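Listed below, chain by chain, are the residues.
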Amino acid sequence: MKEKTNLSVGVDLGTSNLLIYVEGQGTLFNEPSIIAIDKATGNVVSVGYEAAKLDGKTHSKVEVARPLQGGVISDIQLIREILLFTLDKIFLSNLDSISRLLICIPSEITNTEKEAIIELGHGLGIQNTEIEQEIKAGALGSGVDIFAPRGHMVIDIGGGTTDFGILSLGEVVLSKSIKIAGDYFDKQIIDYVKTTHKLEIGN
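Rules behind the numbers
Residues numbered from 1 in each chain as written. Predicted model: local features only at pLDDT ≥ 70, side-chain atom pairs only at ≥ 80, totals over all residues. Heavy atoms only, no water. Salt bridge = Lys/Arg side-chain N within 4 Å of Asp/Glu carboxyl O. Helix = DSSP H or I, 4+ residues; strand = E, 2+ residues; numbered from the N terminus. Buried < 20%, exposed > 50% of the residue type's maximum accessible area, 1.4 Å probe, protein only. Contact = heavy atoms within 4.5 Å. Pairing = 2+ DSSP bridges. Axes fitted to C-alpha atoms, helices over the stretch in contact; angles between N-to-C directions. Core = buried A, V, L, I, M, F, W, Y, C linked by side-chain atoms within 4.5 Å.

Trainee: Looking at this model, I keep getting lost on the pattern of salt bridges. Mind explaining?
Mentor: Side chains that differ in charge, positive against negative, can pair when their charged atoms come close. Across all of its chains, the model carries eight salt bridges by this definition. Here E81 and R80 are joined by a salt bridge, their closest N and O atoms 3.7 Å apart. In this structure, K187 and D191 form a salt bridge, with 2.8 Å as the shortest nitrogen-oxygen distance. Taken together, the residues span about one helical turn, with K187 and D191 both in helix α5 (residues 182–197) at a distance of four residues. D191 gets classed as partly exposed once you look at its relative accessible area, which sits at 31%.

Here it is in structure tokens:
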């Protein structure tokens with residue numbers, strides 16, 4: 001009998017990109033948080049770059065959606081479908097190999113949304129599912145000793161939101177999120193180039 005693999009997996013639910021990290025293997029998925037759904041069957045057609053190719057295009061059979069808008073979860077079911085599709089792809093449908101799932105979340109989502117995300121992990125069969133704020137995970141990833149008895153200010157500039165946080169003794173003491181981030185900067189650059197140079201560019 002093949003021995004069961006116990007892997008720890010980290011997921012960053014970003015407005016622009018979804019990242020999936022597997023302990024010991026690195027980041028195995030870093031693609032746009034976009035999903036394409038077959039309108040007739042409700043089945044997932046594609047996720048990530050392939051779905052992004054259809055974004056902004058009118059299609060009679062396929063609907064393209066972004067389940068996170070400006071750091072806010074607009075459709076928890078679509079997030080479940082994105083995770084299920086990508087994890088199935090990475091682990092070849094062998095989700096039993098995942099023993100621990102950590103999902104990083106924006107700082108200002110509601111308690112109801114937090115509970116829904118944990119239940120989402122449980123629904124995938126991963127009972128050891130935890131959530132953590134992106135600013136805390138980012139500080140840990142950058143090597144900051146957040147457990148020290150002093151304050152650390154962290155700024156996380158994402159696609160849809162910029163999160164500010166003060167961390168001390170291992171906890172987020174204060175946090176704030178604003179909807180000025182990467183997507184906004186891109187739009188400002190696009191508008192400037194169009195107005196100044198009469199040139200259309202994409203993002």
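Trainee: Can you walk me through the environment of D183 in this structure?
Mentor: Tracing the sequence through the fold places D183 in helix α5. Overall, the relative accessible area of 37% leaves D183 in the partly exposed class. A C-alpha to C-alpha distance of 23 Å links D183 and T110, two positions 73 residues apart in sequence.

Trainee: Help me understand helix α4 (residues 134–141) in this model?
Mentor: Two residues of an α-helix separated by three or four positions point the same way, owing to the 3.6 residues in each turn. Residues of α4 that are buried: E134, I135, K136 and A139. Here the buried face of α4 lies against β1 (7–13), β9 (98–105), β10 (129–133), β11 (152–157), β12 (162–168) and β13 (171–178).

Trainee: I tried to follow the sheet that holds strand β2 (residues 17–22) on my own but got confused; where do I start?
Mentor: Two orientations exist for strands paired in a sheet by backbone hydrogen bonds: parallel and antiparallel. Reading across the sheet, the five strands line up as β3-β2-β1-β9-β10 and stay open at both edges, with mixed pairing between neighbours. Looking at strand neighbours, the two that pair on one side only are β3 (26–32) and β10, the edges of this open sheet. When the angles between neighbouring strand axes are averaged without regard to direction, this sheet yields 20°. Here β1 runs beside β9; their pairing, made up of six bridges, is parallel. By the bridge assignment, D12 is partnered in β9 with C104. Contacts from helix α3 (residues 111–123) reach β1, β9 and β10 within the one sheet, and its direction differs from that of β10 by about 145°. Contacts between α4 and the sheet are confined to β1, β9 and β10, with β10 contributing the most and set at about 85° to the helix.

Trainee: Can you walk me through the sheet that holds β13 in this structure?
Mentor: Here three strands make up an open sheet; going across it, the order is β11-β12-β13 and the pairing antiparallel. Unpaired on one side and paired on the other, β11 and β13 mark the two borders of the sheet. On average, adjacent strands in this sheet sit at an angle of 15° to one another, irrespective of strand direction. Direction of pairing for β12 relative to β13: antiparallel, over a ladder of seven bridges. In the strand pairing of β13, F164 is matched with K176. Across the sheet, α4 is in contact with β11, β12 and β13; its angle to β12 comes to roughly 65°.

Trainee: How should I be thinking about the side chain of K136 in this particular structure?
Mentor: Tracing the backbone through its elements, the reader meets K136 in helix α4. Judged by relative accessible area, which is 10%, K136 ranks as buried. Excluding residues that lie within four positions of it along the chain, K136 makes contacts with I146, L167, G170, E171 and V172.

Trainee: Explanation requested: the nonpolar core in the structure shown.
Mentor: Within soluble globular proteins, side chains that are nonpolar generally end up buried alongside one another. If you look at the biggest cluster of nonpolar residues, it comprises 30 residues, and the most contacted ones within it are V9, V11, L13, L18, L83, L87 and I103. When contributions to this core are tallied by element, the ones reaching two or more residues are β1, β2, β4 (35–38), α2 (76–91), β9 and α3. Among the elements that line this core, the one with the most residues is α2, at six residues. With residues near it in sequence (within four places) discarded, I103 still touches V11, L13, L83, I117, T129, E130, I131 and E132. In this structure, I135, I146, V154 and L167 belong to the second largest nonpolar core, which totals five residues.

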